[in-house]
Amino acid sequence: MYIPHTDADREEMLKTIGVKSLEDLFGSLPKEHLFRHLNLPPAITEMEAFNELKYIASVNETTENLTCFLGAGAYNHYIPAAVDQILRRGEFYTAYTPYQPEISQGTLQAIFEYQSLISAITGMDVSNASHYDGATAVAEAVNMAYHQFRGKRKKFILSPGLNPQYLETVHTYIPIDGNQFLGEDLPLSSPPSALYDLIDEETALIVVQYPDFFGRIYDYTQLIRKAHDTKTLVAIHVNPLSLGILKTPGAMDADIVTAEGQPLGIPLAFGGPYLGIFASKKEYVRKMAGRIVGETRDNKGNRGYVLTLSTREQHIRREKATSNICSNQGLMTLAVAVYLSLLGKQGLRQVATLNYDKAHYAADAITSIPGFELVFDTPFFNEFTIKCPVSAKKINEYLLDNDIIGGLDLSEYYPALKNQMLIAVTEMISRDDIDALVDLLSEVAK
Amino acid sequence: MTEPTIFELSSSGRKGFEFPKSDVPKAELPKNLLRENLPIPELSEMDVIRHFTKISQLNYGVDIGFYPLGSCTMKYNPKINEETCRLPGFLYLHPLQPIATVQGALGLMYELQEWLAEISGMSAVSLQPAAGAHGELTGGLIIHAYHQARNDKKRTKMLIPDSAHGTNPASSAMSGMHIVQIPSDHRGNVDLNVLKAEADDTLAGLMLTNPNTLGLFDEHLKEIIEIVHNAGGLVYGDGANLNALLGISRPGDFGTDILHFNLHKTFSTPHGGGGPGSGPVGVAKHLVDFLPNPIVTKIEEGTNDNPPLYGFLKPAKTIGRVKSFHGHFGVIVRAFTYIMMNGDEGLREISEHAVLNANYIQARIRDSYTVPYDRICMHEFVAEGRWQDAPEVHALDVAKRLMDYGFHPPTNYFPLIVHEALMIEPTETENKETLDAFSDALIKIAKEAHENPEILKSAPHSTPVGRLDEVRAARDMILTCTFPEVSE
Ligand SMILES: Cc1ncc(COP(=O)(O)O)c(C=O)c1O
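First things first, this report covers the structure right here in the doc. (Residues numbered from 1 in each chain as written. Chains lettered and ligands numbered in written order. Predicted model: local features only at pLDDT ≥ 70, side-chain atom pairs only at ≥ 80, totals over all residues. Heavy atoms only, no water.)

1. Examining the overall build of chain A
Along its length, chain A carries 12 helices and 15 strands. Summarising its shape, the C-alpha atoms of chain A cover approximately 85 × 55 × 50 Å along the three principal directions. Taking all contacts inside chain A whose residues are at least 6 apart in sequence as the whole, residues at least 24 apart take part in 71%. Accessible surface computed for chain A: about 15100 Å², of which carbon and sulfur atoms make up 49%. (Helix = DSSP H or I, 4+ residues; strand = E, 2+ residues; numbered from the N terminus. Contact = heavy atoms within 4.5 Å. Areas by Shrake-Rupley, 256 points an atom, 1.4 Å probe, with all protein chains shown as cover.)

Below is the structure:
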């Protein structure tokens, strides 16, 4: 499909090239493996493909038909209709990385505005043009800290409150050779102060999460002050939506901020594509990975935008580059830029407040059922951990029979926590949904 | 033409979106955790739409015209893909939902794993990596883990041809390898003598792009792979150039141990202004256990009455996960749609015509531009944007001048082994008229380079902005808009 050549075109083109047939073009390839039949289903037309995919999609049960209390790194939020209208513009989505700025000002300006919006909500000086997702952004923060100290500091403190998938990704990315990871084995109930004793002159970076995986919000100002005593860097991984109301990492003097950008206008889509947000203080910009857009002027003095500081990058530095990243999440940064522009100051506050209020209503209602209690008494945003009288697995099966996707069964990551569940409540959940959940939880606990 | 920034368009008190009123009581957030100001813009929905529509019009994309950006395979992005990936049954799935509720999605992923394995001749495929470079990193980590598992710990040397893309050495370095560059010979192949000399007992592997970035199928492919294997190394294939090989020949059949795919190149998913891509990784039999965690598997075979049950599997010696969740599912659905609509013959036709188109342009411009490795090319070729008798003109000037003729320029200054490189990849979706118009423009520009070089040096003349001052951008480091004065 999608090949426009007529027989006459082909003939003429082959003649110009000076060969007789299409097969002749592959004359230099080893003959024994040439033109093997591929065992694939026979080609079908657009109409047939669409029908088949509609059928495949219909086999799934979705958050449209089920009430979703599942979060754990991906959240069910409303996306204003205008966001996808902009993403569907061919001028945006059929372009590539803006290597030629004169004909890429749309992409470049959108990224520049995205960088600005990320700086504004995180309280940081600069943002890059994205990483693949929250997990890889955290891994790149570890990488950046390693390079910031030229490999001389080999200790990395990872909070036990980090999303376990991020922890796993960091361990995949960073070779153990000589490096030491501390902190992640501390009891899950440890407050930030539990990390103080681990910090020393050898420590390159501390990574904490805000709100953390279990939903808890801590003010990391003290931790950061302690870390800076030994010039240790601190990265805070945030839920960016929470920053509609929460104190910024910048106000805590964080050095690096990473985030999973999905809550800001990106559909759940079974896990991707999402967006890795990465911001930092200006002094670290030359060690930052990924593309960065800067403002400049053209030869007539007009304002314009270009990819800048690219001597950090793989196409110039090759093995000495700060990262290998090339393609990033361009279109997802556009989604976030449009989402934040639409919501504006009031909208972002409103959605963050709705999440906060609904989650607190839910937590109160659930913990009023005998046998259910909050595991931590720390403030939380839109997600919290509860202890149940029976296993989370049993509860979730019962809920699913009643068209509810329950919270994350924590035993999937922490086998000892059989009775604990992480519940997320977003603006998509109504009071009635919560009341219905509470009724079912009361039944299943009996 | 310039458009104000979204911050400059802001007016305090405006709203572009409103959420419903709360149906629960207000909860108090501790004061010490509250943020002070929130300096983001305030616009109406129409302001926002006009702003982004206006700036979109400053862009060039495949939907507008010819985009022969070498190595990037800027083929047409079929519109049906944009519909299928947004079907509600795909869009509204939480990645951690119980597997019983996502059998359609898992089945689709399982099929795509199988199809990519069949297309490439690899044994198993992971769909998790997010882009080509991410696939390379995954591959490097697999190579590292493989040697470690065999207690062969001194193998940390990765050989990389000098024609390779920058991500190859960068990814290898990130996976803990040290890099040794292998030169190309005068035919554009890997230099066998240097390869042999480096193939010792510290060899971890070779990263090979084939066809290479000159658009040439290496004439000694079998020998190269033999040399590496005999020395105990593994061969990694950068699949960026797979658009030349669909249904033609399979990297796995030649002994490639690991290969990444770029769904955003070969399999028609859009480039999105720089992403998202998707970089699945395929491996040969002996490496299946090392794949990233998790892959999709059949937990129970189907019967006549029941479909199979799909689920996740953690490979026995996995390198671990390389990102959250299961990969760029939205991109995976698009590639799945594309393969469904092409089948065996369709895929072969894609590569045949991609190669036909590249050779056609090469033949048309050969008299006006130096083609340093002048033989039948694969899906792309590299010309030089320089002439001895027009010394002031560079590839960059040719590239900028092409914009005045309405085309996106080819890749320039890559591969590094060609001086003033112009790397041209037309793809199979372009018709002869377009190829002719582009070739004519290139020929005209070659003439201009000799007769009126100034018109090239000052190009482009017809774009929304003129040549931009990159030195100034790096010096000034203006990386964000100016935030409005905050009034709370
Ligand atoms: C030959 C080659 N290898 C690797 C890559 C990296 O792929 P990605 O941008 O998807 O990370 C590219 C991208 O342009 C490429 O051309």
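2. Observations regarding the packing of aromatic side chains
Counting across every chain of the model gives 27 aromatic pairs over all chains. Centre to centre, the rings of Phe66(B) and Phe438(B) are 4.9 Å apart; their planes meet at 80°, and the pair counts as edge-to-face. Here the residue Phe66(B) occupies a position in the loop between α1 (45–56) and α2 (79–84), and Phe438(B) occupies one in helix α11 (residues 432–451), the gap between them amounting to 372 residues. The exposure classification of Phe66(B) matches that of Phe438(B), with both residues buried. Joined through ring pairs, the aromatic side chains of Phe213(A), Phe214(A), Phe376(A), Tyr413(A) and Tyr414(A) make up one cluster. Over the ring of Phe376(A) we find Arg216(A), and its NZ or CZ is 4.1 Å from the ring centre. (Phe/Tyr/Trp six-rings, centres within 6.5 Å; stacked < 30°, edge-to-face > 60°. Buried < 20%, exposed > 50% of the residue type's maximum accessible area, 1.4 Å probe, protein only. Lys NZ or Arg CZ within 6 Å of the ring centre and 35° of its normal.)

3. Observations regarding helix α10 (residues 330–367) of chain A
Residues and elements named next belong to chain A. Relative to the 56 Å expected for 38 residues at 1.5 Å per residue, α10 spans just 42 Å between its end C-alpha atoms, considerably shorter than the ideal helical length. Within α10, the axis deviates most sharply at Gly344, by approximately 100°. Here α10 lies mainly inside the structure; 32 of its 38 residues are buried. (Expected span 1.5 Å × (residues − 1). Bend = angle between axes of the 7 residues up to and from the residue.)

4. Overview of the pattern of salt bridges
Applying the stated criterion to the full structure yields 51 salt bridges over all chains. Of the charged contacts in the structure, one is a salt bridge between Asp7(A) and Arg10(A), with a shortest N-O distance of 2.5 Å. Taken together, the residues span about one helical turn, with Asp7(A) and Arg10(A) both in helix α1 (residues 7–17) at a distance of 3 residues. By relative accessible area, Arg10(A) is classed as buried at 18%. The closest approach of N and O atoms between Glu198(B) and Lys157(B), which form a salt bridge, is 2.8 Å. Separated by 41 residues along the polypeptide, Glu198(B) in helix α7 (residues 192–198) and Lys157(B) in strand β2 (residues 157–161) bring together distant segments of the chain. (Salt bridge = Lys/Arg side-chain N within 4 Å of Asp/Glu carboxyl O.)

5. Details of the site of the ligand
In the vicinity of the ligand there are 15 residues, among which Ser327(A), Ser71(B), Ala133(B), Asp238(B) and His264(B) approach most closely. Each of chains A and B places residues next to the ligand. At 2.7 Å from an oxygen atom of the ligand is found a main-chain nitrogen or oxygen belonging to Ala133(B). Taking Lys265(B), its side chain carries an N or O atom lying 3.2 Å from an oxygen atom of the ligand. Burial of the ligand by the protein chains amounts to 99% of its free accessible area of 390 Å². At 3 residues, the largest contribution of residues to the shell around the ligand is made by helix α5 (residues 132–149) of chain B. Looking at side-chain class alone, the shell around the ligand contains 5 nonpolar, 7 polar and 3 charged residues. (Near = heavy atom within 4 Å. Polar contact = N/O pair within 3.5 Å; in protein donor to acceptor, adjacent residues only side chain to side chain. Nonpolar A, V, L, I, M, F, W, Y, C, P; charged D, E, K, R; others polar.)

6. Examining unusual backbone geometry
All names here are of chain B. Residue Pro211 follows Asn210 across a cis peptide bond; omega there is -5°. Inspection of the secondary structure puts Pro211 in the loop between β4 (203–209) and α8 (221–230). With an omega dihedral of -10°, the bond running from Asn293 to Pro294 counts as a cis peptide bond. Secondary-structure assignment places Pro294 in the loop between β7 (281–283) and β8 (295–300).

7. Section: the sheet that holds strand β14 (residues 408–409) of chain A
All names here are of chain A. In spatial order, the strands read β11-β12-β15-β14; together these 4 strands make up an open sheet with antiparallel pairing. This sheet does not close on itself; its edge strands, each paired only once, are β11 (373–374) and β14. Across 5 bridges, the pairing between strand β12 (residues 383–387) and strand β15 (residues 420–424) is antiparallel. The partner of Glu383 across the bridge, within β15, is Ala424. (Pairing = 2+ DSSP bridges.)

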